[in-house]
Amino acid sequence: MLTQSHHFRIEKATPTIGAYIHDIDLTADHPASLYQDLKKALSEHKVLFFRNQNMSDEKFLELGHNFGNLEIHEFFPCPEGKPEIQIISTNGGRTGTDRWHTDVTFRPNPSAASILRACDIPPDGGGDTMWLCTNSAFEALSPPIQELLLKVRGIHDMRLGMSGYLDPDVVEKNARENPPRTHPAIIRHPLTDKPHLFINSIWSGGFEGLTREEGEMLQRFLFEHVKRPEFQVRFRWDIDSIAIWDNIATQHYALGDYQYKRIMNRMIVDGVVPEAYAN
Ligand code: SIN
(Lines give C-alpha, C1' and ligand atoms only; values in the text may rest on other atoms or scores of the structure.)
Protein backbone atom coordinates (compact mmCIF):
# COMPACT_ATOMS: atom_id res chain seq x y z
CA MET A 1 0.00 0.00 0.00
CA LEU A 2 1.12 3.54 -0.70
CA THR A 3 -0.46 6.52 0.99
CA GLN A 4 2.33 8.95 0.10
CA SER A 5 5.22 9.03 -2.37
CA HIS A 6 8.30 11.22 -2.44
CA HIS A 7 7.66 11.64 -6.19
CA PHE A 8 4.18 13.23 -5.92
CA ARG A 9 1.39 14.14 -3.53
CA ILE A 10 -1.76 12.02 -3.19
CA GLU A 11 -5.11 13.50 -2.18
CA LYS A 12 -7.95 11.04 -1.71
CA ALA A 13 -11.10 11.97 -3.64
CA THR A 14 -13.48 9.84 -1.51
CA PRO A 15 -12.93 7.31 1.29
CA THR A 16 -13.71 4.49 -1.18
CA ILE A 17 -12.29 5.30 -4.59
CA GLY A 18 -10.24 7.88 -6.48
CA ALA A 19 -7.23 10.08 -5.77
CA TYR A 20 -5.91 13.35 -7.19
CA ILE A 21 -2.19 13.19 -7.94
CA HIS A 22 -0.48 16.56 -7.43
CA ASP A 23 3.03 17.92 -8.07
CA ILE A 24 3.78 15.69 -11.03
CA ASP A 25 4.60 16.48 -14.66
CA LEU A 26 3.84 13.41 -16.73
CA THR A 27 5.59 14.90 -19.76
CA ALA A 28 9.00 14.87 -17.99
CA ASP A 29 11.40 11.91 -17.91
CA HIS A 30 11.05 10.02 -14.65
CA PRO A 31 12.81 7.08 -12.95
CA ALA A 32 11.10 3.69 -12.95
CA SER A 33 10.45 4.14 -9.20
CA LEU A 34 7.95 6.93 -9.96
CA TYR A 35 5.88 4.59 -12.16
CA GLN A 36 6.13 1.88 -9.49
CA ASP A 37 4.66 4.38 -7.01
CA LEU A 38 1.92 5.35 -9.47
CA LYS A 39 1.02 1.67 -9.95
CA LYS A 40 0.87 1.15 -6.18
CA ALA A 41 -1.34 4.25 -5.86
CA LEU A 42 -3.54 2.87 -8.64
CA SER A 43 -3.96 -0.46 -6.82
CA GLU A 44 -4.94 1.38 -3.68
CA HIS A 45 -7.20 4.14 -5.07
CA LYS A 46 -8.38 2.42 -8.30
CA VAL A 47 -8.56 5.63 -10.31
CA LEU A 48 -5.98 8.45 -10.39
CA PHE A 49 -6.69 11.98 -11.62
CA PHE A 50 -4.10 14.39 -13.05
CA ARG A 51 -4.58 17.97 -14.29
CA ASN A 52 -2.61 20.22 -16.67
CA GLN A 53 -0.80 17.43 -18.54
CA ASN A 54 -0.45 18.93 -22.00
CA MET A 55 1.44 16.38 -24.09
CA SER A 56 1.99 15.15 -27.63
CA ASP A 57 0.60 11.82 -28.83
CA GLU A 58 4.14 10.44 -28.60
CA LYS A 59 4.43 11.40 -24.91
CA PHE A 60 0.95 10.02 -24.28
CA LEU A 61 2.06 6.69 -25.78
CA GLU A 62 5.23 6.76 -23.65
CA LEU A 63 3.07 7.25 -20.57
CA GLY A 64 0.93 4.28 -21.58
CA HIS A 65 3.95 2.02 -22.14
CA ASN A 66 5.03 2.69 -18.56
CA PHE A 67 1.89 0.84 -17.43
CA GLY A 68 2.27 -2.20 -19.71
CA ASN A 69 1.69 -3.35 -23.27
CA LEU A 70 -0.90 -1.27 -25.08
CA GLU A 71 -3.73 -3.01 -26.89
CA ILE A 72 -5.45 -2.15 -30.15
CA HIS A 73 -9.20 -1.71 -29.74
CA GLU A 74 -11.77 -3.48 -31.92
CA PHE A 75 -13.78 -0.53 -33.18
CA PHE A 76 -12.67 2.96 -32.05
CA PRO A 77 -10.82 5.11 -34.66
CA CYS A 78 -7.19 6.13 -33.97
CA PRO A 79 -4.86 8.96 -35.01
CA GLU A 80 -2.90 8.20 -38.22
CA GLY A 81 -0.13 5.67 -37.48
CA LYS A 82 -0.98 5.38 -33.76
CA PRO A 83 -3.33 2.41 -33.44
CA GLU A 84 -2.83 2.18 -29.65
CA ILE A 85 -4.70 5.48 -29.14
CA GLN A 86 -8.49 5.35 -29.37
CA ILE A 87 -10.35 8.53 -30.30
CA ILE A 88 -13.64 8.68 -28.40
CA SER A 89 -15.56 11.53 -29.96
CA THR A 90 -19.16 12.23 -28.92
CA ASN A 91 -21.74 15.01 -29.01
CA GLY A 92 -23.64 14.19 -25.83
CA GLY A 93 -26.96 12.40 -25.51
CA ARG A 94 -26.84 8.60 -25.58
CA THR A 95 -23.18 7.94 -26.35
CA GLY A 96 -23.00 4.21 -25.61
CA THR A 97 -20.48 4.74 -22.81
CA ASP A 98 -23.22 6.30 -20.64
CA ARG A 99 -23.80 2.91 -19.00
CA TRP A 100 -21.87 1.42 -16.08
CA HIS A 101 -19.22 -0.88 -17.50
CA THR A 102 -15.76 -2.34 -17.29
CA ASP A 103 -13.88 -2.05 -20.59
CA VAL A 104 -13.72 -5.03 -23.01
CA THR A 105 -15.01 -7.78 -20.69
CA PHE A 106 -16.05 -9.62 -23.89
CA ARG A 107 -12.35 -10.49 -24.32
CA PRO A 108 -10.66 -13.54 -22.76
CA ASN A 109 -8.28 -11.19 -20.94
CA PRO A 110 -9.99 -7.81 -20.31
CA SER A 111 -7.61 -4.85 -20.03
CA ALA A 112 -5.83 -4.29 -16.72
CA ALA A 113 -5.91 -0.50 -16.93
CA SER A 114 -7.22 2.34 -19.08
CA ILE A 115 -5.71 5.81 -19.55
CA LEU A 116 -7.97 8.62 -20.73
CA ARG A 117 -7.13 12.24 -21.56
CA ALA A 118 -9.44 15.11 -22.36
CA CYS A 119 -8.67 16.79 -25.70
CA ASP A 120 -11.85 18.84 -26.09
CA ILE A 121 -14.63 19.13 -23.54
CA PRO A 122 -17.89 21.06 -23.21
CA PRO A 123 -16.97 24.68 -22.24
CA ASP A 124 -19.83 25.05 -19.78
CA GLY A 125 -19.41 21.77 -17.92
CA GLY A 126 -20.96 18.40 -18.58
CA GLY A 127 -19.34 15.22 -19.83
CA ASP A 128 -17.96 14.21 -16.41
CA THR A 129 -16.95 10.59 -15.92
CA MET A 130 -17.86 8.48 -12.87
CA TRP A 131 -16.19 5.34 -11.53
CA LEU A 132 -17.28 2.82 -8.91
CA CYS A 133 -15.35 0.32 -6.85
CA THR A 134 -16.39 -3.26 -7.65
CA ASN A 135 -14.78 -4.58 -4.44
CA SER A 136 -16.98 -2.27 -2.32
CA ALA A 137 -19.99 -3.36 -4.40
CA PHE A 138 -19.18 -7.01 -3.63
CA GLU A 139 -18.49 -6.42 0.08
CA ALA A 140 -21.84 -4.64 0.53
CA LEU A 141 -23.81 -7.71 -0.59
CA SER A 142 -25.26 -10.04 2.04
CA PRO A 143 -23.34 -13.32 2.61
CA PRO A 144 -26.01 -15.54 0.92
CA ILE A 145 -25.95 -13.44 -2.28
CA GLN A 146 -22.13 -13.34 -2.17
CA GLU A 147 -22.13 -17.13 -1.84
CA LEU A 148 -24.37 -17.56 -4.87
CA LEU A 149 -22.28 -15.17 -6.98
CA LEU A 150 -19.04 -16.90 -5.95
CA LYS A 151 -20.39 -20.08 -7.58
CA VAL A 152 -21.43 -18.74 -10.98
CA ARG A 153 -19.89 -17.45 -14.18
CA GLY A 154 -21.29 -14.47 -16.06
CA ILE A 155 -21.77 -14.48 -19.82
CA HIS A 156 -20.16 -11.53 -21.67
CA ASP A 157 -21.30 -10.80 -25.19
CA MET A 158 -19.92 -8.07 -27.43
CA ARG A 159 -23.14 -7.95 -29.47
CA LEU A 160 -25.11 -6.79 -26.42
CA GLY A 161 -22.96 -3.70 -25.97
CA MET A 162 -22.58 -2.67 -29.59
CA SER A 163 -25.99 -3.34 -31.14
CA GLY A 164 -27.86 -0.10 -31.69
CA TYR A 165 -24.67 1.98 -31.41
CA LEU A 166 -22.59 0.84 -34.41
CA ASP A 167 -23.24 -0.11 -38.02
CA PRO A 168 -24.78 -3.63 -37.98
CA ASP A 169 -22.03 -4.93 -40.35
CA VAL A 170 -19.33 -3.70 -37.94
CA VAL A 171 -21.18 -5.34 -35.05
CA GLU A 172 -21.42 -8.65 -36.96
CA LYS A 173 -17.74 -8.64 -37.99
CA ASN A 174 -16.57 -7.89 -34.45
CA ALA A 175 -18.98 -10.32 -32.85
CA ARG A 176 -17.79 -13.13 -35.15
CA GLU A 177 -14.22 -12.48 -33.97
CA ASN A 178 -15.37 -12.19 -30.32
CA PRO A 179 -17.95 -14.91 -29.60
CA PRO A 180 -19.73 -14.81 -26.20
CA ARG A 181 -17.57 -16.08 -23.34
CA THR A 182 -17.83 -16.44 -19.57
CA HIS A 183 -15.86 -15.00 -16.64
CA PRO A 184 -16.37 -15.73 -12.95
CA ALA A 185 -19.04 -13.40 -11.53
CA ILE A 186 -16.63 -12.64 -8.67
CA ILE A 187 -12.99 -12.42 -9.67
CA ARG A 188 -9.81 -12.31 -7.61
CA HIS A 189 -7.87 -9.14 -8.36
CA PRO A 190 -4.49 -10.28 -9.72
CA LEU A 191 -2.56 -7.66 -7.69
CA THR A 192 -4.52 -7.22 -4.47
CA ASP A 193 -6.16 -10.68 -4.20
CA LYS A 194 -9.45 -8.94 -3.28
CA PRO A 195 -12.86 -10.11 -4.57
CA HIS A 196 -14.49 -7.92 -7.24
CA LEU A 197 -17.94 -8.06 -8.79
CA PHE A 198 -17.38 -8.68 -12.51
CA ILE A 199 -20.83 -8.20 -14.05
CA ASN A 200 -21.55 -4.97 -15.97
CA SER A 201 -24.46 -3.39 -17.77
CA ILE A 202 -22.86 -3.11 -21.23
CA TRP A 203 -21.38 -6.54 -21.87
CA SER A 204 -23.06 -8.93 -19.39
CA GLY A 205 -25.77 -11.25 -20.72
CA GLY A 206 -26.84 -13.67 -18.00
CA PHE A 207 -25.14 -16.48 -16.08
CA GLU A 208 -23.99 -19.94 -17.03
CA GLY A 209 -26.15 -22.53 -15.25
CA LEU A 210 -29.02 -20.18 -14.28
CA THR A 211 -32.24 -19.95 -16.26
CA ARG A 212 -32.76 -16.86 -18.42
CA GLU A 213 -35.35 -15.53 -15.93
CA GLU A 214 -33.07 -16.11 -12.91
CA GLY A 215 -30.15 -14.52 -14.71
CA GLU A 216 -32.16 -11.47 -15.76
CA MET A 217 -33.46 -10.97 -12.22
CA LEU A 218 -30.00 -11.29 -10.65
CA GLN A 219 -28.43 -9.03 -13.25
CA ARG A 220 -31.12 -6.38 -12.86
CA PHE A 221 -30.50 -6.38 -9.11
CA LEU A 222 -26.71 -6.08 -9.57
CA PHE A 223 -27.02 -3.27 -12.12
CA GLU A 224 -29.08 -1.33 -9.54
CA HIS A 225 -26.86 -2.31 -6.61
CA VAL A 226 -23.68 -0.82 -8.15
CA LYS A 227 -25.37 2.57 -8.50
CA ARG A 228 -25.02 3.32 -4.75
CA PRO A 229 -23.22 6.69 -4.50
CA GLU A 230 -21.06 5.33 -1.65
CA PHE A 231 -19.19 3.16 -4.17
CA GLN A 232 -18.54 6.03 -6.58
CA VAL A 233 -16.41 9.02 -7.51
CA ARG A 234 -17.11 11.68 -10.15
CA PHE A 235 -14.45 13.63 -12.06
CA ARG A 236 -14.97 16.95 -13.81
CA TRP A 237 -12.62 17.20 -16.78
CA ASP A 238 -10.50 20.12 -17.93
CA ILE A 239 -8.66 19.97 -21.23
CA ASP A 240 -5.37 18.09 -20.58
CA SER A 241 -6.72 16.24 -17.55
CA ILE A 242 -5.83 12.55 -17.45
CA ALA A 243 -7.48 9.69 -15.59
CA ILE A 244 -5.85 6.29 -15.15
CA TRP A 245 -8.04 3.52 -13.79
CA ASP A 246 -7.71 -0.07 -12.75
CA ASN A 247 -10.16 -1.61 -15.18
CA ILE A 248 -10.59 -4.86 -13.23
CA ALA A 249 -11.36 -3.09 -9.95
CA THR A 250 -13.86 -0.57 -11.33
CA GLN A 251 -16.76 0.23 -13.58
CA HIS A 252 -17.17 3.65 -15.20
CA TYR A 253 -19.89 5.80 -16.76
CA ALA A 254 -19.44 8.78 -19.11
CA LEU A 255 -22.25 11.31 -18.62
CA GLY A 256 -23.98 12.46 -21.81
CA ASP A 257 -25.37 15.71 -20.31
CA TYR A 258 -23.97 18.15 -22.94
CA GLN A 259 -24.44 19.27 -26.51
CA TYR A 260 -20.94 19.92 -27.73
CA LYS A 261 -18.17 17.94 -29.32
CA ARG A 262 -16.30 16.08 -26.56
CA ILE A 263 -13.08 14.42 -27.68
CA MET A 264 -11.14 12.02 -25.50
CA ASN A 265 -8.09 9.87 -26.25
CA ARG A 266 -7.81 6.51 -24.54
CA MET A 267 -5.22 3.75 -24.28
CA ILE A 268 -5.83 0.32 -22.79
CA VAL A 269 -3.19 -1.84 -21.11
CA ASP A 270 -3.19 -5.61 -21.52
CA GLY A 271 -4.60 -7.78 -18.75
CA VAL A 272 -4.80 -11.42 -17.71
CA VAL A 273 -7.57 -14.02 -17.85
CA PRO A 274 -9.69 -13.30 -14.72
CA GLU A 275 -9.58 -15.97 -12.02
CA ALA A 276 -12.47 -16.89 -9.75
CA TYR A 277 -12.22 -15.62 -6.17
CA ALA A 278 -12.12 -18.57 -3.83
CA ASN A 279 -12.56 -17.69 -0.17
C1 SIN B 1 -14.87 4.88 -21.69
O2 SIN B 1 -15.97 4.37 -21.51
O3 SIN B 1 -13.82 4.24 -21.60
C4 SIN B 1 -14.80 6.36 -21.98
C5 SIN B 1 -15.12 7.19 -20.80
C6 SIN B 1 -15.30 8.65 -21.12
O7 SIN B 1 -15.34 9.04 -22.29
O8 SIN B 1 -15.37 9.44 -20.17
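The text that follows walks through the structure, step by step, so that each part is easy to find. (Residues numbered from 1 in each chain as written. Predicted model: local features only at pLDDT ≥ 70, side-chain atom pairs only at ≥ 80, totals over all residues. Heavy atoms only, no water.)

**Description of the site of the ligand**
- Around the ligand, the surrounding shell consists of Ile88, Thr97, His101, Asp103, Leu116, Thr129, Trp245, His252, Ala254, Arg262, Met264 and Arg266.
- Thr129 is positioned with one of its side-chain polar atoms (N or O) 2.6 Å from an oxygen atom of the ligand.
- With respect to the ligand, the side chain of His252 contributes an N or O atom lying 3.0 Å from an oxygen atom.
- The protein chains hide 100% of the 260 Å² of surface that the ligand would expose on its own.
- According to the grid-proximity analysis, the pocket containing the ligand is the largest cavity. (Near = heavy atom within 4 Å. Polar contact = N/O pair within 3.5 Å; in protein donor to acceptor, adjacent residues only side chain to side chain. Areas by Shrake-Rupley, 256 points an atom, 1.4 Å probe, with all protein chains shown as cover. 1 Å grid on protein atoms, 1.4 Å probe; cavity = no way out; pocket = protein on both sides within 12 Å on 5 of 7 lines; lining within 4 Å. Sits in = over half its atoms within 2 Å of the grid points.)

**Regarding the sheet that holds strand β15 (residues 250–254)**
- Spatially, β13-β7-β15 is the arrangement adopted by the three strands of the open sheet, whose pairing is antiparallel. Among the strands making up the open sheet, the edge pair consists of β13 (232–235) and β15. Sheet twist, expressed as the average angle between the axes of neighbouring strands with direction ignored, equals 20°. (Pairing = 2+ DSSP bridges. Helix = DSSP H or I, 4+ residues; strand = E, 2+ residues; numbered from the N terminus. Axes fitted to C-alpha atoms, helices over the stretch in contact; angles between N-to-C directions.)

**Structural notes on helix α2 (residues 57–65)**
- Within α2 the residues assigned to the buried category are Lys59, Phe60, Leu61, Leu63 and Gly64.
- Elements that come into contact with the buried residues of α2 comprise α1 (32–45), β4 (70–71), β6 (113–120), β14 (242–246) and β16 (262–269). (Buried < 20%, exposed > 50% of the residue type's maximum accessible area, 1.4 Å probe, protein only. Contact = heavy atoms within 4.5 Å.)

**A word on the sheet that holds strand β9 (residues 181–184)**
- With respect to topology, three strands assemble into an open sheet ordered β9-β8-β12, the strand pairing being antiparallel. If you trace the sheet from one side to the other, it starts and ends with β9 and β12 (204–207), each paired once. Here the strands of the sheet are splayed against their neighbours by 35° on average, with no regard to which way each runs.
- Inspection of the sheet shows strand β8 (residues 153–156) paired to β12 by two bridges, in the antiparallel sense. Its bridge partner lying in β12, Gly154 is registered against Phe207.

**Describing the side chain of Lys82**
- Along the chain, Lys82 falls in the loop between β4 and β5 (86–90).
- Excluding residues that lie within four positions of it along the chain, Lys82 makes contacts with Asp57, Glu58 and Leu61.

**Observations concerning the nonpolar core**
- In terms of nonpolar packing, the biggest core is built from 26 residues, with Leu38, Phe50, Leu63, Phe67, Ile115 and Ile242 touching the most fellow members.
- The set of elements that each furnish at least two residues to this core consists of β2 (19–22), α1, β3 (47–50), α2, β6, β14 and β16.
- Residue contributions to this core peak at five residues, all from α1.
- The residues touching Leu63, leaving out its near neighbours within four places in the chain, are Leu26, Tyr35, Met55, Ile115 and Ile242.
- If you look at the next biggest cluster of nonpolar residues, it comprises 19 residues, including Met130, Leu141, Ile199 and Phe207. (Core = buried A, V, L, I, M, F, W, Y, C linked by side-chain atoms within 4.5 Å.)

**Some remarks on the pattern of salt bridges**
- For the structure on display, the rule yields 19 salt bridges.
- For the salt bridge of Glu71 with Arg107, the shortest nitrogen-to-oxygen distance reads 2.7 Å. Of the two residues, Glu71 sits in strand β4 while Arg107 sits in the loop between β5 and β6, which places them 36 residues apart along the sequence. We note that Glu71, like Arg107, is buried.
- For Glu172, the salt bridge goes to Arg159, with nearest N and O atoms at 2.9 Å. (Salt bridge = Lys/Arg side-chain N within 4 Å of Asp/Glu carboxyl O.)

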